[in-house]
Each structure stands twice: as structure tokens, then as C-alpha cells.
Amino acid sequence: MAVVMLFQFLHAEMVAELGARDTDPGPGGQKRSLSVLEGTGFRAGQALGDRLPRDTPAFREELDVLKFCKDLWVAVFQKQMDGLCTNHQGTYVLQDNSVPLLIPTALGLQYLEDAPKFLAFTCGLLRGTLRTLGFQSLVTSSVATLPACKFQVVVRKSG
Amino acid sequence: MSRQANRGTESKKMSSELFTLTYGALVTQLCKDYENDEDVNKQLDKMGYNIGVRLIEDFLARSNVGRCHDFRETADVIAKVAFKMYLGITPSITNWSPAGDEFSLILENNPLVDFVELPDNHSSLIYSNLLCGVLRGALEMVQMAVEAKFVQDTLKGDGVTEIRMRFIRRIEDNLPAGEE
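Quick notes on the rules
Residues numbered from 1 in each chain as written. Chains lettered and ligands numbered in written order. Predicted model: local features only at pLDDT ≥ 70, side-chain atom pairs only at ≥ 80, totals over all residues. Heavy atoms only, no water. Phe/Tyr/Trp six-rings, centres within 6.5 Å; stacked < 30°, edge-to-face > 60°. Helix = DSSP H or I, 4+ residues; strand = E, 2+ residues; numbered from the N terminus. Buried < 20%, exposed > 50% of the residue type's maximum accessible area, 1.4 Å probe, protein only. Contact = heavy atoms within 4.5 Å. Buried area = accessible area lost by both parts, 1.4 Å probe. Salt bridge = Lys/Arg side-chain N within 4 Å of Asp/Glu carboxyl O. Polar contact = N/O pair within 3.5 Å; in protein donor to acceptor, adjacent residues only side chain to side chain. Pairing = 2+ DSSP bridges. Core = buried A, V, L, I, M, F, W, Y, C linked by side-chain atoms within 4.5 Å. Axes fitted to C-alpha atoms, helices over the stretch in contact; angles between N-to-C directions. Parallel < 35°, antiparallel > 145°, perpendicular 65-115°, else oblique. Left-handed = near helix turned anticlockwise from the far one by under 90°. Nonpolar A, V, L, I, M, F, W, Y, C, P; charged D, E, K, R; others polar. Disulfide = S-S within 2.5 Å.

Residues and elements named next belong to chain A. The tally for this structure, following the rule as stated, stands at nine aromatic pairs over all chains. With centroids separated by 5.9 Å and ring planes inclined at 45°, the aromatic side chains of Phe-7 and Phe-121 adopt a geometry described as tilted. Here Phe-121 lies in helix α4 (residues 115–132) and Phe-7 lies in helix α1 (residues 2–18), a separation of 114 residues in the sequence. Summarising the burial analysis for this pair, Phe-7 and Phe-121 share the class buried.

So, in C-alpha cells, the structure goes:
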């Protein structure tokens, strides 16, 4: 879908621009870039959460958070998530086996260390959307083998 | 079933909103990073340019349009095919210069600015300036040097949003030295 492509291009350019903020090659520099990208995603996610259809069921049971993430993935990225699981105690692991949307396919294995930059925005997006729906969460990502990646969402009901 | 159809529309809407909201978050971040609006405008233009030079390939692959023979054809393709494809709108083309090297794209509504209000201290910000960069970058890849700029903006109180496009020159292919 063309509009998803537009997002993909914008996202890649954002990573290139915002992700290069600190010239400090050490871990400090990377951390700041990740934080900026995550923060941008969070802001977008909050606004996205505000625009969700009003008939989205309120989350009373854990199972709904899982369904919500699944639906969000389809709605926003136009594809199914490849794996979803939970420990039923507030932790959810979302797996996507092909995120060409987020990570350029040209990114070979040797650039694995750059992968977090490409996932930071989406972590923030998830965190922001959940926040608008009343959930505090911590979202982290991990990449074992490109192009598969995992998002870990730890949810705390805020009230 | 209508439920399925609703979900499809809802989903398409959310995808467009993802782009719009991401863009909004980006502009907000750039406003934090740069002291003044002019710098943000430049940054948006530069980022747009970088996107445009890659977007053109995607566009050509999806749309199958052939080579445009003149600037008028280019204008048509931009408004009726490209804008429609990526932003879901069809701007109208008006105000052709007598020489045929300038025209305006009129956007009745600009999807980028849904729910956006410019705060008072950002009156020089050209919020959608990314679009100008995209147009410039994309057209450069098809051998056209152009200038694109906003001359009216609904965010600033104008009735419509107007992008003025000016053809500068054709870019000739330059073979690297040493090649035939």
C-alpha cells in the first residue's frame, strides 16, 4: 500500500536524521539517539491512541491487550504479526518475522548493532498508544536474526 | 459483510494517520532541536529531498507512467497520480505562467495538517515543507531541476494551500570521466 511506503520512507529518513544526533560513537551517543527516536514514536502513539475507533472495548482482561496489539499491527502496518505470547502477568512478546517496513532489507547482518535505531520509534509508538488507553508500559525490542524482531511489552495498569 | 468493509477502511485510515502523526511528531522534535523556524524549514526540505530521490523509484514501479514529454504532463502526473497514490488527494493545477514553466498545485485540504495548529511562536514555520523537498528530489531523479515552495498555507489562515512549482532546467546525464 502506497501510504505505508510513505511512512517507511519517512521512518528511514527519521532514523538517518535523528539517529545521527550525537557524533559520540560511544554508548552514550547511541542512547540519546534511541531516546529521541523512541520519544518521537511515543508522541505519535499517543495521538494515534486518541484516534482509535470509539468502540474499541475497554481493557478489562489481559487478553484484550494482546488482541489490541495484534489489531494495531494490522491496522497500522497492513500485516499480521507473526507471533504473540504472554506470561499472563503483564508481559507480552510480539514477534515479527519480516520487518522490511522498519529495517531496510539492505541492512546486512554486520549492521545488526544499528537495528535498535530502526525499532526505537515503533517501541515508542506502542508505548504511546497503550498510554492513551490507560496503560503504563515499558517496550523494548530485540533482534536475534534479521529480519525477525521481537518487541517486549511489560504492562502496568496505571489506574 | 459490511463489518469487513469497515475494517478495511478503518485500517487504511489508520495507515494514513500513522504517516500524518509521525510527521507531526517529527516536526515537533525538530522544533525542539533547532533554534529558529528557518532551520527547521531547511531540515524538512533536506529530509524531503532524501525521501524524494528514493520515492521516485517506488512511484515509477507502482504507477507505470511513461516518460513525461513536457512540464504540463509532469504537472498532471504529480497531481493526479502521485498525490493521489501517496496522500489520497488530487490537487488542482492552476496559474500556469505564459512560458509554461511555472504552475501552482492547489490543495483544498492538506492531509498533513489534520488536527495541527501552529503555535504563536512558530509563525515562520513551513509545516509541510517536507513535501517541497520530496517534489524537488523526485523530479531531479527524472532529470528535472525544479523549485517548489509554499505560497499559501491553510495553517497560516489562508483559504487553501498552494505549492508553486517552477521548472529551472533539464538535467543532462553526465557520464563519469573516463567512461565512453
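This next bit is on the interface of chain B and chain A. Listed as interface residues are 34 residues of chain B and, on the opposing side, 32 residues of chain A. Looking only at chain B, the three residues that lose the most surface to chain A are B:Met14, B:Leu18 and B:Leu21, adding up to 21% of its buried area. Between A:Glu17 and B:Lys46 there is a salt bridge, and its shortest N-O distance comes to 3.6 Å. If you look at where chain B meets chain A, you find four residue pairs in polar contact (both at pLDDT 80 or more). For the side of chain B that touches chain A, the secondary-structure elements that each account for two or more residues are α1 (2–33), α2 (37–63) and α3 (71–87) of chain B.

What follows concerns the pairing of strand β2 (residues 102–107) of chain B. Residues and elements named next belong to chain B. Burial runs high along β2: five of the six residues are buried. The pairing of strand β1 (residues 92–94) with β2 spans three bridges and is classified as antiparallel. Counterpart to Thr-94 in the pairing with β2 is Ser-104. In terms of strand pairing, β2 meets strand β4 (residues 161–170) through six bridges, oriented antiparallel. In the strand pairing of β4, Phe-103 is matched with Met-165.

Here the focus is the nonpolar core. Residue and element names in this part refer to chain B. By size, the foremost hydrophobic cluster in this structure holds 90 residues, and its most contacted members are Tyr-23, Leu-26, Phe-83, Leu-105, Ile-163 and Met-165. Tallying contributions element by element places α1 first for this core, with ten residues. Look past the residues within four positions of Leu-105 in its chain and what remains in contact with it is Ile-78, Ala-79, Phe-83, Pro-91, Ser-92, Ile-93, Leu-135, Thr-161, Glu-162, Ile-163 and Met-165.

Now for the pattern of salt bridges. Residues and elements named next belong to chain B. Following the criterion strictly, the structure yields eight salt bridges over all chains and no others. For Arg-136, the salt bridge goes to Asp-45, with nearest N and O atoms at 2.7 Å. Taken together, the residues span a long stretch of sequence, with Arg-136 in helix α4 (residues 129–141) and Asp-45 in helix α2 at a distance of 91 residues. What makes Arg-136 partly exposed here is its relative accessible area of 26%.

Residues and elements named next belong to chain A. The geometry of α1 relative to α4 is characterised by a closest axis approach of 10 Å and an angle of 120° between their N-to-C directions. Here α4 runs oblique to α1, going by the angle between their axes. Crossing hand, α1 versus α4: right-handed. Along its contact with α1, which presents Phe-7, His-11, Met-14 and Val-15, the element α4 presents Lys-117, Phe-118 and Phe-121. Residue classes in the contact of α1 with α4 are distributed as five nonpolar, one polar and one charged.

Alignment of strand β3 (residues 144–152) of chain B against β4(B), held across eight bridges, turns out to be antiparallel. Pairing of B:Ala145 across the sheet is with B:Arg169, part of β4(B).

All names here are of chain B. Overall, the coordinates contain zero disulfides over all chains when judged by the stated rule. The thiol of Cys-31 is not disulfide-bonded; the next cysteine sulfur, from Cys-132, is found 16 Å away. Residue classification places Cys-31 among the buried residues on the basis of a relative accessible area of 18%. In this structure Cys-132 comes out as buried when scored by relative accessible area, which is 1%.

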